[in-house]
Amino acid sequence: MIKFRINYNFYILNHSMKNIAVIGSGTMGNGIAHLFAQYGFKVALVDINQEALDKAMQTIATNLDKQIKKGTIDAELKTATINNIKTCTDLQTACADAQLVVEAATENREIKLDLFKQLSGFCNKSTILATNTSSISITQIASVTSNPGKVIGMHFMNPVPLMKLVEVIRGKETTDEITAIVMSLSKQLDKIPVEVNDAPGFVANRILMPMINEAIFTLHEGVAGVEEIDTVMKAGMSHPMGPLQLADFIGLDVCLAIMNVLYEGFNNQKYAPCPLLVDMVKSGQMGVKSGSGFYKYFPGSKDLVVAGRFKKGIF
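Counting of residues starts from 1 at the beginning of each chain's written sequence and follows it residue by residue. Side-chain atom pairs in this predicted model are given and counted only at pLDDT of 80 or more, local residue features only at pLDDT of at least 70, and totals for whole chains, interfaces and linings cover all residues. Here the side-chain values reflect all heavy atoms present in the structure, with hydrogen atoms and water set aside.

### A look at the overall build of the chain
Secondary structure elements are taken from DSSP: a helix is a run of H or I of four residues or more, a strand is a run of E of two residues or more, and numbering for both begins at the N terminus. In terms of helices and strands, the chain carries 13 helices and ten strands. Here the chain has a C-alpha radius of gyration of 20 Å; the compact-globule value for 315 residues is 20 Å, and the two agree. By its C-alpha atoms, the chain is 70 × 50 × 35 Å across when sized along the principal axes. Expressed as a percentage of the 315 residues in the chain, the buried residues total 46%. Contacts are assigned to residue pairs that have any heavy atoms within 4.5 Å of one another. Intrachain contacts of the chain at a sequence separation of at least 6 include 66% that bridge at least 24 residues. Surface summary for the chain: the accessible area is close to 15,600 Å², and the carbon and sulfur share equals 55%. Computation of the radius of gyration draws on C-alpha atoms, with the globule rule given as 2.2 Å multiplied by the number of residues to the power 0.38. Buried residues are those whose accessible area, probed at 1.4 Å on protein chains only, stays under 20% of the maximum for their type, while exposed residues exceed 50% and partly exposed ones sit between those limits. All accessible-area figures derive from a Shrake-Rupley calculation using a 1.4 Å probe, and residue coverage is judged against the displayed protein chains alone.

Right, here's the structure in full:
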């Protein structure tokens, strides 16, 4: 009887889910909102100021236009997607009717803990609280809520509408039922969900970030230049993007934050971030988002131009 009740409740929640709240309108947040809205969900996109939200909606519209140009969607679906998203600057209002909240705020532990503490206070008891964190402990985030069994990691990859993987991370108290719902929901979004357990960096970034960090060390120690390092990995290992270009794309500040989580979590010197990475973040060289990282970025141009400080004879 108990088993039947759990399965029945799972069925009802999974098939009645229609209202999603997404916290944070940056690259990941607007991508997650875009994805859910495109698949017919009603999305409340929340951020602290309307200007950021307006920019996010412009980005979503631009990305939908790119999909139209590629022939993957039509103009009618673009209109429906845009209409499925409402923006809001008040967290409680945005989450009032949400059956799932996906947090995609800055990769900062204290910010996330504060958000989840607030969410626990005013969301419905049945609401699933998910975080798009790329490295921070799901168990720790869940610990500040009143129902840690309903907290889970839902780590999307960038760009969200295109990348297939969703890393579904279970905290120590995340229930089987909530995990099954999120796995099923991810498949509804035409994604490939992979269930993993809570650990620093999970799977994706525990493997990826040390590789990127090692590539930065290779540059820092003068073994090879930016283009040479990226070419080796693309031509020799069939990576679609070199590790230094990928670091720029992710954001060097995000790479540093994840390396710090790995370093602190494992207390192992092999995860110490490269001094060059630390220096670049301190000096505001964040990659694509700032216009400069290992490469220099120009509006409207797809050309890869090595940043001045890394050109041969300069660095």
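### So, the pairing of strand 6 (residues 151-156)
Of all six residues making up strand 6, six are buried, and the element is well covered by its neighbours. Neither face of strand 6 is open: one carries V151, G153 and H155, the other I152, M154 and F156, and all of them are buried. Pairing analysis gives five bridges linking strand 6 to strand 7 (residues 165-170), with the strands arranged antiparallel. By the bridge assignment for strand 7, G153 is matched with I169. The pairing criterion is simple: DSSP has to find at least two bridges between the two strands.

### Digging into the environment of Q269
Looking at the element boundaries, Q269 is found in the loop between helix 12 (252-266) and helix 13 (275-282). We classify Q269 as exposed; its relative accessible area is 58%. Side chain to side chain, Q269 and Y263 meet in a polar contact 3.1 Å long. Polar contact is the term for a pair of N or O atoms within 3.5 Å; when the atoms are in protein, one must be able to donate a hydrogen and the other to accept it, and sequence-neighboring residues count only if both atoms are side-chain atoms.

### Let's talk about the packing of aromatic side chains
Here a Phe, Tyr or Trp ring, Trp counted by its six-membered ring, pairs with any other such ring whose centre lies within 6.5 Å, and the pair is stacked when the planes are under 30 degrees apart, edge-to-face when over 60, and tilted otherwise. For the structure shown, the criterion picks out four aromatic pairs. Ring geometry for F36 and F41: centres 5.4 Å apart, planes at 85 degrees, overall edge-to-face. Assigned by exposure class, F36 and F41 land together as buried. Centroid distance F36 to F156: 6.4 Å. Interplanar angle 75 degrees. Geometry classified as edge-to-face. Remark: F156 occurs in strand 6 and F36 occurs in helix 2 (residues 27-38); sequence separation between them is 120 residues. For the pair shown, F36 and F156 are each scored as buried.

### Quick word on the packing of helix 3 (residues 50-70) against helix 4 (residues 75-83)
A fitted line through C-alpha atoms serves as each axis, taken over the contacting stretch for helices, and the angle formed by two N-to-C directions is quoted from 0 to 180°. One can describe the packing of helix 3 onto helix 4 by two numbers: an axis separation of 10 Å at closest approach and a directional angle of 160 degrees. Between helix 3 and helix 4, the angle falls in the class roughly antiparallel. Crossing of helix 3 against helix 4: the hand is right-handed. In contact with M57, I60, A61, L64, D65 and I68 of helix 3, helix 4 contributes A75, K78, T81 and I82. Charged residues are taken to be Asp, Glu, Lys and Arg, nonpolar residues to be Ala, Val, Leu, Ile, Met, Phe, Trp, Tyr, Cys and Pro, and polar residues to be all remaining types, Gly included. By residue class, the composition of the contact of helix 3 with helix 4 is seven nonpolar, one polar and two charged. Note on angle classes: values under 35 degrees are labelled roughly parallel, values over 145 roughly antiparallel, values of 65 to 115 roughly perpendicular, and the remainder oblique. By convention the crossing between two helices is left-handed if the near helix lies anticlockwise of the far one by an angle smaller than a right angle, and right-handed if it lies clockwise.

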